[in-house]
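A look at the structure
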Amino acid sequence: QVQLVESGGGLVQAGGSLRLSCAASGGGFSNYLIGWFRQVPGKERAFVAAIRWSGVTTYYADSVKGRFTISRDNAKNMVYLQMNSLKPEDTAVYYCAALGRGSSLRPDDYDYWGQGTQVTVSS
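Let me begin by describing the structure that accompanies this report. Given the structure is predicted, the values throughout are model-derived calculations rather than measurements. (Residues numbered from 1 in each chain as written. Predicted model: local features only at pLDDT ≥ 70, side-chain atom pairs only at ≥ 80, totals over all residues. Heavy atoms only, no water.)

**Description of the overall build of the protein chain**
Spelled out, the test is: Here a helix means four or more residues in a row that DSSP labels H or I, a strand means two or more in a row labelled E, and each is numbered from the N terminus. Using C-alpha atoms as the atom set, the radius of gyration is obtained and then compared with a globule rule of 2.2 Å times the number of residues to the power 0.38. Only protein chains enter the accessibility calculation, which uses a 1.4 Å probe; a residue is then buried when its area is under 20% of its type maximum, exposed when over 50%, and partly exposed in between. We call two residues contacting when some pair of their heavy atoms lies within 4.5 Å. A 1.4 Å probe and the Shrake-Rupley method give the accessible areas. Residues count as covered only by the protein chains that appear here. When charges are counted, neither His nor the chain ends are considered; positive counts come from Lys and Arg and negative counts from Asp and Glu. One atom stands in for each charge, and that atom is NZ of Lys, CZ of Arg, CG of Asp or CD of Glu.
Helix and strand content of the protein chain: zero helices and 11 strands. The secondary structure elements of the protein chain, listed N-terminal to C-terminal, are β-β-β-β-β-β-β-β-β-β-β. Compactness check: the protein chain gives a C-alpha radius of gyration of 13 Å against a globular reference of 14 Å for 123 residues, within 12% of the reference. Once the C-alpha set of the protein chain is aligned to its principal axes, its extents read approximately 40 × 30 × 25 Å. Across the 123 residues of the protein chain, 41% fall into the buried class. Intrachain contacts of the protein chain at a sequence separation of at least 6 include 56% that bridge at least 24 residues. A total of about 6,400 Å² of accessible surface is found on the protein chain, and carbon and sulfur atoms cover 46% of it. Treating the 12 positive side-chain charges of the protein chain as one cloud and the 9 negative ones as another, the clouds have centres 5 Å apart.

What follows is the structure, given as structure tokens:
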């Protein structure tokens, strides 16, 4: 029932910044976790960051702590991922996902997924 659409990806030089957006529709996600994941060819999908839709609790992968910030605007049904100090190893397809019950950082546990947006960081 929940639909997610990512946007904001693109090509950026190392050290630069991008802000990804995830637009949620369908309603009923007041208690959801919204997560950001990324995947490169030949690799498993990896957790990046997550935030509970209503509340201030956030989670970050060690590889992005201090560089990425997840936030939400529940009035606009939007979740954002601000990415600063980007590195070539951040290159991936980035997905937003929603978990309707409980708390998890495992992608297999998430119920809804967007189509992804490509982020490419050049050296």
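Back to the write-up after that little detour.
**Notes on the environment of Val40**
Following the sequence through the fold, Val40 ends up in the loop between β4 (33–39) and β5 (46–52). With 78 residues separating them in the primary sequence, Val40 and Gln118 have C-alpha atoms 9.9 Å apart. Those residues in contact with Val40 that sit more than four places away from it in its chain are Thr91 and Ala92.

**Let's talk about the state of the cysteines**
Where we set the bar: Disulfides are defined in this document as cysteine sulfur pairs within 2.5 Å.
Scanning all chains against the criterion turns up one disulfide. Disulfide pairing places Cys22 opposite Cys96 at an S-S distance of 2.2 Å. Given an S-S torsion of about 70°, the disulfide between Cys22 and Cys96 has right-handed geometry. Residue Cys22 is found in strand β3 (residues 18–25), and its partner Cys96 is found in strand β9 (residues 92–99); the two are separated by 74 residues along the sequence. For the pair Cys22 and Cys96, a shared accessibility class is recorded, and that class is buried.

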